[in-house]
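Descriptive structure summary
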Amino acid sequence: MDINLFKGRAREKFADETEPTQTNPITYLYSKEWNVPVGPPFPELELAEMNVDLDERGCFGRLVRAAVLAENHFPERYVRIYWDLS
Amino acid sequence: MIEIAEPKSWVDETYLAEILQYEDPHFVLVHEDEHFESGFKSVSSNPESMKHPAVKAVDLWEGLYAGHLIAEGVIRHQRDKDPDGFLYFLRAAEQVCPDLLLIQENLVSAYGSIGDFDRAEEILHSLYGKRKDAKILLGLYVFTEDERYKQEIIDEYSIHMFNYLIRSLP
């Protein structure tokens, strides 16, 4: 799968037509419901499979959803991905 | 989690696994000076005020696509027992987004799987000290047999973490 196909799949999966009332993308994203599982961490393989499926139980799936929502609703804002080094 | 750990926490393998999970490098979405991470919402009533102290910027879709490629590689490695496939996807991720720590950390496993231990050790040395990471310390201990790395795990975490990491080795 190339980057454009990946992007298309993500946009299709997380399309959301609801217009936000917030004017700030971060405030808007925190206003949404996020399925953060409670309990022991997923085994590495299960997590990788969830990531490929853009499953929101994994942090990667949630992040892709956040990226799609931010980009769709705030196209004029410059949202980036940062790589946590801490 | 390390600071608030009670003596009984160190013998709870779920707790140890959680520490290691939090130490794994991960992505954060950033707009101007604000960070979004869905997990912040679970731990704070004011998640907008939370941010990671040190981050490195990468392009939005390149970063996400690299994450996808890493996951494809891990599946080749863990499910299909295909180290060449693992390496292929990691190199593809490296082409898209060079220098991501998660790629480098997985490259250690990939080179170890194909028997290129010199390369694996070289990457471990390059990762040492970049961030707090018990798995990097264990890797250095295993490859170099230098007791200082073992001691660092014991000092920074506990002997239980060291034993847990040793038991988790493939």
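This one's a predicted model, so the numbers in the text were calculated from it and none came from an experiment.

Let's talk about the packing of aromatic side chains
Summed over all chains, the structure comprises nine aromatic pairs over all chains. Relative to B:Tyr65, the ring of A:Phe6 lies with its centre 5.8 Å away and its plane at 45 degrees, an arrangement referred to as tilted. On the criterion of chain membership, the pair formed by A:Phe6 in helix 1 (residues 3–13) and B:Tyr65 in helix 3 (residues 60–78) is interchain, its members lying in two chains. The residues A:Phe6 and B:Tyr65 share a single accessibility class, namely buried. Between B:Tyr141 and B:Phe162 the ring centres are 5.4 Å apart and the planes differ by 75 degrees, which places this aromatic pair in the edge-to-face class. A residue pair is termed long-range when its members are at least 10 positions apart, and B:Tyr141 in helix 7 (residues 134–144) and B:Phe162 in helix 9 (residues 159–168) qualify at 21 residues. On the basis of relative accessibility, which here comes to 6%, the residue B:Phe162 falls in the buried class. The rings of A:Phe6, B:Trp61 and B:Tyr65 are connected pair by pair, giving a single aromatic cluster.

Quick notes on unusual backbone geometry
Residue and element names in this part refer to chain A. Even without a glycine there, the phi angle at Leu54 is positive, about 55 degrees. Examined against the element boundaries, Leu54 turns out to sit in the loop between helix 3 (44–52) and helix 4 (59–73). The exposure class of Leu54 is buried, given its relative accessible area of 0%.

Focus: the interface of chain B and chain A
Contact with chain B, which involves 49 residues of that partner, is made by 47 residues of chain A. Between chain B and chain A the total buried area reaches about 4700 Å² when both faces are included, carbon and sulfur atoms providing 69% of it. Where chain B packs against chain A, one counts one salt bridge. Ionic pairing is found between B:Arg79 and A:Glu49, a salt bridge with its closest N-O pair at 3.7 Å.

Conventions we followed
- Residues numbered from 1 in each chain as written.
- Chains lettered and ligands numbered in written order.
- Predicted model: local features only at pLDDT ≥ 70, side-chain atom pairs only at ≥ 80, totals over all residues.
- Heavy atoms only, no water.
- Phe/Tyr/Trp six-rings, centres within 6.5 Å; stacked < 30°, edge-to-face > 60°.
- Helix = DSSP H or I, 4+ residues; strand = E, 2+ residues; numbered from the N terminus.
- Buried < 20%, exposed > 50% of the residue type's maximum accessible area, 1.4 Å probe, protein only.
- Contact = heavy atoms within 4.5 Å.
- Buried area = accessible area lost by both parts, 1.4 Å probe.
- Salt bridge = Lys/Arg side-chain N within 4 Å of Asp/Glu carboxyl O.

Just distances and angles here, no functional claims.
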